[in-house]
Amino acid sequence: MCEYCGCQEVAAIGELTREHDEVVGLMAEVRAAHAAGDVDRMAVLARRITEILTPHTAVEEEGLFPLMDADFPEQVALLRTEHREVEAVLGRAGSGTPADPGWPDAVMAVLNDLRTHILKEQDGVFPAALTTLDGAGWDSVDAVRARVGSGLLLPGAAG
């Protein structure tokens, strides 16, 4: 992950990065569950990833992206589309284990895409935000975070 520009020193970017890191760790667990044929575990993990990504995506789409859209319209549009693709596949586990036999492979494919998406944000969006947003912009991003909260568990909380 990006650590060269200092953008993680900005609270909003630091939190988004921690969420990315948690999701990447969960992806490894999904891969192990897939290899073991444990679709129920995959569904549990898909729901946990969704719990993290729901507020994460809101911070990006309601806070960060609108402030960057004028300068990077194609990139922002693509990132939004990728968010919808991830939500569609993971969301199928929202109420239990999907019966569709193709769902496990769809999860694996979308998680591969999500890994690339995370790198785009870490290495592109976040450093660009550091140079694009002013104090008022960061305040508006922080306001979205304050409203939507975090999907990360507090230290010591059960997961």
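Right above here is the structure, for reference.
Residues numbered from 1 in each chain as written. Predicted model: local features only at pLDDT ≥ 70, side-chain atom pairs only at ≥ 80, totals over all residues. Heavy atoms only, no water.

### Topic: the overall build of the chain
Along its length, the chain carries five helices and zero strands. The N-to-C order of helical and strand elements in the chain reads α-α-α-α-α. Radius of gyration (C-alpha) of the chain: 16 Å, near the 15 Å computed for a compact globule of 159 residues. Along the three orthogonal principal directions, the C-alpha set of the chain runs to about 50 × 40 × 30 Å. For the chain, the proportion of its 159 residues judged to be buried stands at 42%. A separation threshold of at least 6 residues defines the contact pool for the chain, and within that pool the share at least 24 residues apart is 77%. Entry remark: accessible area of the chain is about 7900 Å², with carbon and sulfur atoms responsible for 56%. The average position of the 12 basic charges and that of the 27 acidic charges among the side chains of the chain differ by 5 Å. (Helix = DSSP H or I, 4+ residues; strand = E, 2+ residues; numbered from the N terminus. Rg over C-alpha atoms; globule rule 2.2 N^0.38 Å. Buried < 20%, exposed > 50% of the residue type's maximum accessible area, 1.4 Å probe, protein only. Contact = heavy atoms within 4.5 Å. Areas by Shrake-Rupley, 256 points an atom, 1.4 Å probe, with all protein chains shown as cover. Lys, Arg positive; Asp, Glu negative; His and termini not counted. Charge placed at Lys NZ, Arg CZ, Asp CG, Glu CD.)

### Quick look at the nonpolar core
Membership of the largest hydrophobic core comes to 23 residues, with the highest contact counts inside it found for L90 and L111. In this structure, L90 is in contact with A46, I49, T50, L53, V107, V110 and L111, ignoring residues within four places of it in sequence. Counting residues in hydrophobic clusters, the runner-up holds 17 residues, among them M68, L79, V125 and W138. (Core = buried A, V, L, I, M, F, W, Y, C linked by side-chain atoms within 4.5 Å.)

### Digging into the pattern of salt bridges
Per the stated rule, a full pass over the model turns up ten salt bridges. E51 is the partner of R48 in a salt bridge, and the nearest nitrogen-oxygen pair spans 3.0 Å. You can see R48 and its partner E51 sitting in helix α2 (residues 39–68), three residues apart, about one turn around the helix. Given a relative accessible area of 14%, R48 falls into the buried group. Here the salt bridges do not stand alone but share partners, grouping E61, R80, R84 and E87 into one network. (Salt bridge = Lys/Arg side-chain N within 4 Å of Asp/Glu carboxyl O.)

### Thoughts on the side chain of R145
Checked against the element boundaries, R145 lands in helix α5 (residues 135–148). Accessibility expressed as a relative area gives 15% for R145, which makes it buried. Once you skip the residues sitting within four places of it in the chain, R145 turns out to touch E15, L16, E19, P55, H56, V59 and S150.

In short, shape yes, function no, at least from these values alone.
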